[in-house]
Amino acid sequence: MIVRPEPLPLPSKIVRMKKVLFLITVVLLCSSCGEYNKILKSTDYELKYSYAKKYFNEKKYTKAATLLEEVVTIFRGSTHAEESLYLLAQSYYGMKDYQTAAEYFKTYYNTYPKGEYAELSRYYSGYGLYLDSADPRLDQTQTYEAIAQLQLYMEYYPQSERAKQAQEILFELQEKLAYKELLNSRLYFNLGTYMGNNYRACIITADNALKDYPYSKHREDLIFLKIRAKYELALVSVDDRLQGRYREVVDEYYNYTNEFPEGKYTKQVARFFDYANSRITTNY
């Protein structure tokens with residue numbers, strides 16, 4: 001007796017619809033890729049530019065940038081030159097390649113200082129670098145560049161609607177630099193006398209930070225670290241420098257208590273003061 005196999009079940013309506021949608025998506029993607037490759041090979045630069053704008057509006061920034069990189073050179077001196085350069089910068093900005101975007105924004109406002117997009121280019125050149133600014137523990141080159149660009153923006157457009165935001169960003173970036181200097185000061189302090197006298201480096205770093213960022217929220221921490229380092233420096237000093245360094249600790253104590261009469265380090269600095277003051281000889 002021959003046993004006939006059971007017939008396979010027909011796909012449900014939902015499964016069939018999913019397959020149809022999948023096939024349609026594949027076809028559209030293939031046609032889209034084909035369209036893009038065709039545009040890339042074209043020598044019609046007006047067509048390329050129109051597609052570059054189309055891709056930009058669709059937020060396909062990589063495709064837009066690839067086309068714009070080519071047409072920007074071709075359009076130099078033409079009616080499209082200004083807009084194409086700005087769109088190229090914005091395409092890289094959309095790709096979050098803020099360093100490249102900043103370079104093109106700078107090229108734009110240097111080439112067209114009174115151009116239609118000059119203000120926006122100056123703003124985004126700084127704002128993009130701000131977004132790209134590294135953690136305070138890392139290299140701060142981007143932070144310094146962002147500050148420079150935003151300061152220029154404030155000089156050129158002090159009454160702009162973006163001026164307030166630019167100023168707030170500048171404060172934030174300066175606080176980041178102040179915090180980095182605080183971290184550097186702490187590092188020197190923690191190294192102590194390892195391979196040299198790092199307390200002196202701690203004092204110099206903290207002092208420079210206080211001069212560069214006098215209104216920083218880290219000011220009290222920097223002043224305290226400076227006092228602490230001077231105290232530790234006095235403890236390891238040779239006899240002929242000991243009295244002078246104890247007096248520096250006393251002076252720093254008065255500076256701290258005058259500025260922060262109810263500071264968070266009051267007890268610690270009082271301890272430094274008591275020890276240093278008790279060891280200062282009257283005939284010094």
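Heads up: the structure comes first, above all this text.
Residues numbered from 1 in each chain as written. Predicted model: local features only at pLDDT ≥ 70, side-chain atom pairs only at ≥ 80, totals over all residues. Heavy atoms only, no water.

Trainee: Would you mind showing me how to read the overall build of the chain here?
Mentor: Counting secondary structure elements, the chain contains twelve helices and zero strands. When its helices and strands are written in sequence order, the chain yields α-α-α-α-α-α-α-α-α-α-α-α. Residue burial in the chain is summarised as follows: out of 284 residues, 42% are buried. Considering only intrachain contacts with a sequence separation of at least 6, the fraction spanning at least 24 residues in the chain is 57%. Of the accessible surface of the chain, which amounts to about 17,500 Å², a share of 55% is contributed by carbon and sulfur atoms. (Helix = DSSP H or I, 4+ residues; strand = E, 2+ residues; numbered from the N terminus. Buried < 20%, exposed > 50% of the residue type's maximum accessible area, 1.4 Å probe, protein only. Contact = heavy atoms within 4.5 Å. Areas by Shrake-Rupley, 256 points an atom, 1.4 Å probe, with all protein chains shown as cover.)

Trainee: Would you take a moment to explain the nonpolar core for this structure?
Mentor: Within soluble globular proteins, side chains that are nonpolar tend to cluster in buried spots. Among the nonpolar cores identified, the biggest contains 47 residues, and Leu67, Leu68, Tyr108, Ile169 and Leu173 are the most heavily contacted of them. For this core, the elements supplying multiple residues, two or more each, are helix H1 (13–41), helix H2 (45–57), helix H3 (61–74), helix H4 (81–94), helix H5 (98–111), helix H6 (118–131), helix H7 (141–156) and helix H8 (163–191). Every residue in contact with Leu68, bar those within four places of it in the chain, is listed here: Tyr49, Ala52, Ser84, Leu87, Leu88 and Ser91. Counting residues in each nonpolar core, the second largest holds 30 residues, with Leu210, Ala229, Val249 and Tyr253 among its members. (Core = buried A, V, L, I, M, F, W, Y, C linked by side-chain atoms within 4.5 Å.)

Trainee: How should I be thinking about helix H12 (residues 266–278) in this particular structure?
Mentor: Quick reminder: α-helices carry 3.6 residues per turn. Residues three or four places apart thus point the same way. For H12, which comprises 13 residues, the first-to-last C-alpha distance of 18 Å matches the rise-based estimate of 18 Å (1.5 Å per residue) to within 8%. Buried within H12 we find Val269, Phe272, Phe273 and Ala276. Considered in projection along H12, the buried side chains sweep an arc of 100 degrees and stay on one side of the axis. Exposed side of H12, more than 90 degrees from the buried face: Lys267, Arg271 and Ser278 are the residues found there. Here the buried face of H12 lies against helix H10 (219–235) and helix H11 (239–259). (Expected span 1.5 Å × (residues − 1). Arc of directions from axis to C-beta.)

Trainee: What should I look at first to understand the layout of surface pockets in this one?
Mentor: To find leftover empty space, a probe the size of one water molecule is rolled over the atoms. Considered as a void within the structure, the largest pocket measures approximately 160 Å³ in volume. Around the largest pocket, the lining residues are Phe171, Gln174, Glu175, Ala178, Asp212, Tyr213, Pro214, Tyr215 and Ser216. Top element by residues in the lining of the largest pocket is H8. It accounts for four residues. Partitioning the lining of the largest pocket into residue classes produces five nonpolar, two polar and two charged. (1 Å grid on protein atoms, 1.4 Å probe; cavity = no way out; pocket = protein on both sides within 12 Å on 5 of 7 lines; lining within 4 Å. Points joined across faces, edges and corners; volume = space filled by probe spheres on them. Nonpolar A, V, L, I, M, F, W, Y, C, P; charged D, E, K, R; others polar.)

Trainee: How do you make sense of unusual backbone geometry when you look at a structure like this?
Mentor: A negative phi angle characterises most non-glycine residues, just as the trans form characterises most peptide bonds. The phi dihedral of Lys59 is positive, around 65 degrees, even though this residue is not glycine. Here Lys59 is to be found in the loop between H2 and H3. At Lys96, a residue that is not glycine, the phi angle is positive and equals roughly 65 degrees. A residue is classified by how much of its surface remains accessible, and Lys96, at 61% relative accessible area, is exposed.

Trainee: What is the right way to read the pattern of salt bridges from this model?
Mentor: Close approach of charged atoms lets side chains of opposite charge pair. Taken as a whole, this structure holds 15 salt bridges when the rule is applied. Note that Lys54 is salt-bridged to Glu35, the shortest N-O span being 3.9 Å. One end of the pair, Lys54, is in helix H2; the other, Glu35, is in helix H1, with 19 residues separating them in the sequence. The shortest N-O distance in the salt bridge between Asp135 and Arg137 comes to 3.4 Å. By relative accessible area, Asp135 is classed as partly exposed at 36%. (Salt bridge = Lys/Arg side-chain N within 4 Å of Asp/Glu carboxyl O.)

Trainee: In this structure, what is going on with the side chain of Thr143? I would like to understand it.
Mentor: Within the secondary structure layout, Thr143 lies in helix H7. The exposure class of Thr143 is buried, given its relative accessible area of 0%. Only 2.4 Å separates the side chain of Thr143 from the side chain of Ser133, close enough to count as a polar contact. In this structure Thr143 touches Ser133, Ala134, Leu173, Lys176 and Leu177, once residues within four positions along its chain are discounted. (Polar contact = N/O pair within 3.5 Å; in protein donor to acceptor, adjacent residues only side chain to side chain.)

The values reported here are purely geometric and, on their own, carry no functional implication.
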